[in-house]
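Next come the chains, spelled out residue by residue.
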Amino acid sequence: MAGARGLLLHGPEARAVAPRTCSGMPLAPERRQAKATKRKHQGSSEAPPAKRRHETAFLPAKKPSVKETQRTFKGNTQKTFSPKKYSVSTGGGKQEERPCIKTSSLFKNNPEIPELHRPVVKQEREQVFTPESFHELGLHPHLISTITTVLKMSSMTSVQKQSIPVLLEGRDALVRSQTGSGKTLAYCIPVVQSLQALKSKIQRSDGPYALVLVPTRELALQSFDTVQKLLKPFTWIVPGVLMGGEKRKSEKARLRKGINILISTPGRLVDHIKSTKNIRFSRIQWLVLDEADRILDLGFEKDITVILNALNAECQKRQNILLSATLTEGVTRLADISLHNPVSISVLDKSHDHSNTEGRVAREVALPQTSNERDSFAIPESLDQHVTLVPSKLRLVCLAAFVLQKCKFEKDQKMIIFFSSCELVEFHYTLFLHTLLSSSGAPASRQLPSASSRLKFLRLHGNMKQEERTAVFQEFSHSKTGVLLCTDVAARGLDLPRVTWIIQYSAPSSPAEYIHRIGRTARIGCRGSSLLILAPSEAEYVNSLASHKINVSEIKMADILSVLARDDGFKRKQRGNQKSHALGPQEIQERATVLQTVFEDYVHSSKRTVSWAKKALQSFIRAYATYPRELKHIFHVRSLHLGHVAKSFGLRDAPRNLCVTSMKKRKTNLRRPDLQKKTQNKHYLTEVLLSEYSSGLEAGARVRKQGKQEGQQSVPSEPGP
Ligand SMILES: Nc1ncnc2c1ncn2[C@@H]1O[C@H](COP(=O)(O)OP(=O)(O)OP(=O)(O)O)[C@@H](O)[C@H]1O
């Protein structure tokens, strides 16, 4: 970590930045001076010496005593009253000089970045394509011509080659293959082939023959789209989608008219089962659970039971398929209750070899699989995985620098950034719109000197209206470039073409989620990369990934920040004819501080924005408290330094009254870990994650209730608070 450590050790205590009023106007000199003094004084309470750090973590920031204030004030008089200058590009490339005030150092009092002793593990591999074509499957000629001319596919993928014949034989199956390997067609083709071949031709009014359950609305739309394409030559078979966000009445009307292949999220289907008289399952021949392990998470297990009971009550004989890139214990349980004498299909290299040597697919793998097999996942060979260790104070600038590096200075990059909650997505989306974009409509004085109109930001999360979610999904899908900020609502199954980078700004809560998130890139043999951003205290997570045969290589934080050298918009003004010195670590630190200051200035531009940033910080802490027990030794709220984390929300100080109720609760619960798990964690998990996957019917009510309980201000979704 030589580079990164260098940055940490040699950083200047304070950086020069431009002072502004709330409206973004430069301050009068006297006020500027007073404010600079105040800032310095505030900054002093924020970075405790290393030995105090542990004690102060998560305590409200203490107001410094008069004595402390005087000491700080006196000790820094010289610096405080000699503001440096830095230059800001204004429209037309002019450089405007602004006198500066202090920003507390980003590069001091940070925890040491540990060396990563990364165990190198042999990753599981799958071969994506086979040389075989779809012609060999004995499908209806119109279906083959649709696959080759409409979908423009010629050869089968491994999972398709293994699954389609098994499913056409009428067997139940548990299918596991890596992300982006073509599992959707692996089940859609046999369903369409079998339904078009039924002797008594399907009538629309017959109702569903096939039911496909998926965890999210976007995935429902995507699967519907695939089925619709395959059904082109078979116009008498009608597909339909139920996914919430749409008026229940119009869904009821469509159900009444008849849907033969029904694609739905579990929650929405349960709602119709309970309230609609028009839903009949007597003709069901296929039940597909795509992303089966995700479907089982949280509240969905109950929904699945309701659905299985409803199906079993009306039809006994049907084919059942469970699919996912990751199989968890839960899926084995679900397989036990929903699959009959199933074939387990796995495309790992060893089974592939087996199929080659024996001339048949490896499909008689016993159920359940061993935990070892279940816990190691195949990752596309064309996916380069990285990790970077970044102290909390530097997280925001580091993320922004990486976004600028890829999406501003490199061509044709399309990036997805994962966050742990809707509030975090909204916060970073709005902040970036107002600071990194020149076309956001915000006053130029509040923007980053190098604000770029080449950047495009979008966001996707479960608290958005359905029409907006769909529009964003479509826009990002069709776009060649752009940055999508999202929650795990976009982690599963979504097939977004040409995504080049996946950033995990909030670490995932399980290896399975890690696999699915990074699986949004490097699909079907394309190249892609991922970056996991961890705090130094979270370095151990790399070993946890390695235990699931996941290999990551390190990118040094210094290398990420060095992109700031490419943009003189971040430069401090040199005096007179002084020549710009070489872009060493010191200069990079100064530029990083300019970037941080732009964020802080935006956040502190009004009381409302400060309160909004505090809510986002609160949401971060709440989500952080929900990591499962097996990861608590790595991700524990007590190891966070509130003042430092606050900095990554553009807050200059650790908020004093943050999350008081929750803190009290947490304190009590920490003494009773059993209670914590049973009550609070469950509560948080439901609050933070369930809303992402709900049918959409209850989301509004839940969000309203949550907001009321926590006094939560709704974060503005459009350009800013
Ligand atoms: N035989 C094929 N030839 C070429 N492209 C294919 C083939 N089969 C599927 N694809 C394409 O590969 C992409 C990924 O497919 P799909 O979404 O079904 O993957 P998946 O295995 O379900 O991924 P995930 O686990 O992330 O849900 C899609 O764009 C799909 O159109």
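Fair warning: this is a prediction, and the values are worked out from it, not measured in the lab.

1. Examining the sheet that holds strand β18 (residues 501-504)
Piece 1. Sheet architecture is open: 7 strands sit in the order β16-β17-β15-β18-β19-β14-β20, paired in parallel fashion. Across the chains shown, the open sheet's two edge strands, defined by having one partner strand only, are β16 (457-460) and β20 (553-554).
Piece 2. In this structure, β18 lies alongside strand β19 (residues 528-534), joined through 4 bridges in parallel fashion. Each residue of the ladder has a partner; that of Ile 503, found in β19, is Leu 531.
Piece 3. Each of β16 and β17 (482-486) touches helix α18 (residues 422-435); the most contacted strand, β16, lies at about 170° to it.

2. A closer look at the sheet that holds strand β13 (residues 343-346)
Piece 1. Reading across the sheet, the 7 strands line up as β9-β10-β8-β11-β12-β7-β13 and stay open at both edges, with parallel pairing between neighbours. The open sheet terminates on both sides in strands that have one partner only, identified here as β9 (239-242) and β13. Across the sheet, the mean angle separating the axes of adjacent strands is 15° when strand polarity is ignored.
Piece 2. The sheet contact formed by strand β11 (residues 286-290) and strand β12 (residues 319-324) spans 5 bridges and is parallel. Paired with Leu 289 across the strands is Leu 322, a residue of β12.
Piece 3. Along the sheet, helix α10 (residues 248-257) contacts β9 and β10 (261-264); its crossing angle with β9, the most-contacted strand, is approximately 155°.
Piece 4. The sheet contacts of helix α11 (residues 266-275) involve β8 (210-213), β9 and β10, and relative to β10 the element is tilted by about 115°.

3. Regarding the site of the ligand
Piece 1. In the neighbourhood of the ligand, 20 residues make up the surrounding shell, with Gln 160, Gly 180, Lys 183, Thr 184 and Asp 495 lying closest.
Piece 2. In the model, a nitrogen atom of the ligand is placed 2.8 Å from a nitrogen or oxygen of the Gln 160 side chain.
Piece 3. Taking 640 Å² as the accessible area of the ligand by itself, protein coverage stands at 86%.
Piece 4. The set of elements that each furnish at least two residues to the shell around the ligand consists of β6 (155-157) and α8 (183-196).
Piece 5. Among the elements that line the shell around the ligand, the one with the most residues is α8, at 3 residues.
Piece 6. Looking at the shell around the ligand residue by residue, the classes come out as 5 nonpolar, 10 polar and 5 charged.

4. Focus: the confidence of the model for the protein chain
Piece 1. When pLDDT is averaged along the protein chain, the result is 76, and 69% of the positions lie at 70 or above.
Piece 2. Note that residues 1-99 has pLDDT below 50 and, in this model, 193 contacts with residues that lie over four places away or in other chains.
Piece 3. If you check the scores for this complex, the pTM reads 0.78 and the ipTM reads 0.99.

5. Section: the pattern of salt bridges
Piece 1. This structure, assessed with the given rule, holds 23 salt bridges.
Piece 2. When the shortest N-O distance is used, the salt bridge between Glu 132 and Lys 161 registers 3.5 Å. Remark: Lys 161 occurs in helix α7 (residues 158-168) and Glu 132 occurs in strand β5 (residues 129-133); sequence separation between them is 29 residues.
Piece 3. A residue is classified by how much of its surface remains accessible, and Lys 161, at 22% relative accessible area, is partly exposed.
Piece 4. The structure contains a network of salt bridges with shared partners spanning Glu 291, Asp 293, Arg 294, Arg 492 and Glu 513.

Definitions and cut-offs
Residues numbered from 1 in each chain as written. Predicted model: local features only at pLDDT ≥ 70, side-chain atom pairs only at ≥ 80, totals over all residues. Heavy atoms only, no water. Pairing = 2+ DSSP bridges. Helix = DSSP H or I, 4+ residues; strand = E, 2+ residues; numbered from the N terminus. Contact = heavy atoms within 4.5 Å. Axes fitted to C-alpha atoms, helices over the stretch in contact; angles between N-to-C directions. Near = heavy atom within 4 Å. Polar contact = N/O pair within 3.5 Å; in protein donor to acceptor, adjacent residues only side chain to side chain. Areas by Shrake-Rupley, 256 points an atom, 1.4 Å probe, with all protein chains shown as cover. Nonpolar A, V, L, I, M, F, W, Y, C, P; charged D, E, K, R; others polar. pLDDT = per-residue confidence, 0-100. Salt bridge = Lys/Arg side-chain N within 4 Å of Asp/Glu carboxyl O. Buried < 20%, exposed > 50% of the residue type's maximum accessible area, 1.4 Å probe, protein only.

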